[in-house]
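Summary of structural features
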Amino acid sequence: KNEVEQSPQNLTAQEGEFITINCSYSVGISALHWLQQHPGGGIVSLFMLSSGKKKHGRLIATINIQEKHSSLHITASHPRDSAVYICAVRPETSGSRLTFGEGTQLTVNP
Amino acid sequence: SAVISQKPSRDICQRGTSLTIQCQVDSQVTMMFWYRQQPGQSLTLIATANQGSEATYESGFVIDKFPISRPNLTFSTLTVSNMSPEDSSIYLCSAQGDATTGELFFGEGSRLTVL
């Protein structure tokens, strides 16, 4: 079992739909990151969370430390949101190393 | 925030040759990392690039195959040596900013194809 599990692996939505991607992890962490990877390969850091909730534009990320679970929400989805979304955690015992989820491939159709 | 310039963005190489990937950050950063992402998979950490000293390699990665330099706080290189088709991957440079914030930055990646 991976230390970081994401669901779903693949997600197809229609433009305008509300999207949720989930991330569960099994170790104590100091931080959790949500990353966005576009088809060219480049990665953008969307959020870093250690507690609570953060919002940036149409993106919302939440984390529940007790339940070891985080969600990434996209409101009013758009085709340009199509990308791979990756959850990565920084285990408490790993220093600066990250453990990555397998990613969720999101496709938003017009 | 920091912006990372990584080059080349892609290359096609012959078996047995070596390729050096460069990573330039527009501000000083504490930590720099090199990752490999094989097709359809998530990121795997190759090594942490330490300024002024030898890189710290993860299990399964060795300095002879992936020599890394980090001469200052804004620049690092990764060389993929004696390449084989199994080395075909995306290689990504990453940096962590201030130790307090832990914010992450990534380069655009170098897509390497070995024939």
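See the structure above.
To keep things clear, this report deals only with the structure shown in the data block. This one's a predicted model, so the numbers in the text were calculated from it and none came from an experiment. Here the residue index of a chain counts from 1 through its sequence in written order. Labels follow written order: the first chain is A, the first ligand is 1, and so on. Owing to the predicted nature of the model, reporting of local features is limited to residues with pLDDT of at least 70; listing and counting of side-chain atom pairs is limited to 80 or more, with chain, interface and lining totals taken over all residues. As a rule here, side-chain values come from all non-hydrogen atoms in the structure, and water together with hydrogens is ignored.

Turning our attention to the sheet that holds strand E3 (residues 19-25) of chain A. All names here are of chain A. Strand order in the open sheet formed by five strands is E1-E3-E8-E7-E6, and the pairing between neighbours is antiparallel. In this open sheet, the two edge strands, each paired with only one partner strand, are strand E1 (4-7) and strand E6 (52-56). Averaged over all pairs of adjacent strands, the angle between strand axes in this sheet comes to 15 degrees, irrespective of strand direction. Strands qualify as paired when DSSP identifies two bridges or more between them. The way it works is that DSSP assigns letters per residue, a run of H or I at least four long becomes a helix, a run of E at least two long becomes a strand, and they are numbered from the N terminus. Note on definitions: angles span 0 to 180 degrees between N-to-C directions of axes, and those axes are lines fitted to C-alpha atoms, for helices only across the stretch in contact.

Below, the discussion takes up the interface of chain B and chain A. Only heavy atoms enter the contact rule, under which two residues are in contact if any of them lie within 4.5 Å. If you look at the interface, chain B gives 20 residues, while chain A gives 18 residues. A quick way to say it: buried area is the sum, across both parts, of accessible area lost when two parts are put together, with a 1.4 Å probe. Buried area between chain B and chain A, summed over both chains or domains, comes out near 1,500 Å², and the portion from carbon and sulfur atoms is 53%. Counting the surface chain B buries against chain A, the share from its top three residues, Ser42, Leu104 and Phe106 of chain B, is 32%. Salt bridge criterion: a side-chain nitrogen from Lys or Arg within 4 Å of a carboxyl oxygen from Asp or Glu. Our enumeration of links across chain B and chain A arrives at one salt bridge.

With that settled, consider the pairing of strand E4 (residues 29-37) of chain A. The side chains of a regular strand alternate between the sheet's two faces. Residues and elements named next belong to chain A. When accessible area is computed with a 1.4 Å probe and restricted to protein chains, residues below 20% of their type maximum are described as buried, those above 50% as exposed, and intermediate ones as partly exposed. Burial analysis of E4 places eight of its nine residues in the buried class, the great majority of the element. Bridge analysis of E4 against strand E9 (residues 83-91) gives eight bridges, and the strand direction is antiparallel. Across the sheet, Ala31 pairs through a bridge with Arg90, a residue of E9. Taken together, the six bridges between E4 and strand E5 (residues 43-49) define a ladder with antiparallel strand orientation. The residue of E5 that forms the bridge with Trp34 is Phe47. Connecting the antiparallel pair E4 and E5 is a turn made up of five residues, with Gly41 showing a positive phi of about 110 degrees.

Let us now look at the state of the cysteines. By definition, disulfides here are pairs of cysteine sulfur atoms that lie within 2.5 Å. Under the defined criterion, the tally for this structure stands at two disulfides over all chains. Here Cys23 of chain A is linked by a disulfide to Cys87 of chain A, with a sulfur-sulfur distance of 1.9 Å. As the torsion about the S-S bond is roughly -65 degrees, the Cys23 of chain A-Cys87 of chain A disulfide counts as left-handed. Note that Cys23 of chain A is positioned in strand E3 and Cys87 of chain A in strand E9, a separation of 64 residues in sequence. Accessibility expressed as a relative area gives 0% for Cys87 of chain A, which makes it buried. Residue pairing for Cys23 of chain B: its cysteine sulfur links by disulfide to Cys93 of chain B, the two sulfurs lying 1.8 Å apart. When the S-S torsion is -60 degrees, as for the bridge of Cys23 of chain B with Cys93 of chain B, the disulfide is left-handed. Of the two residues, Cys23 of chain B sits in strand E3 (residues 19-25) while Cys93 of chain B sits in strand E9 (residues 89-96), which places them 70 residues apart along the sequence. Owing to a relative accessible area of 0%, Cys23 of chain B belongs among the buried residues under this scheme. Cys23 of chain B provides the cysteine sulfur closest to Cys13 of chain B, a residue in no disulfide bond, and the two sulfurs are 18 Å apart. Given the relative accessible area of 7%, Cys13 of chain B is considered buried.

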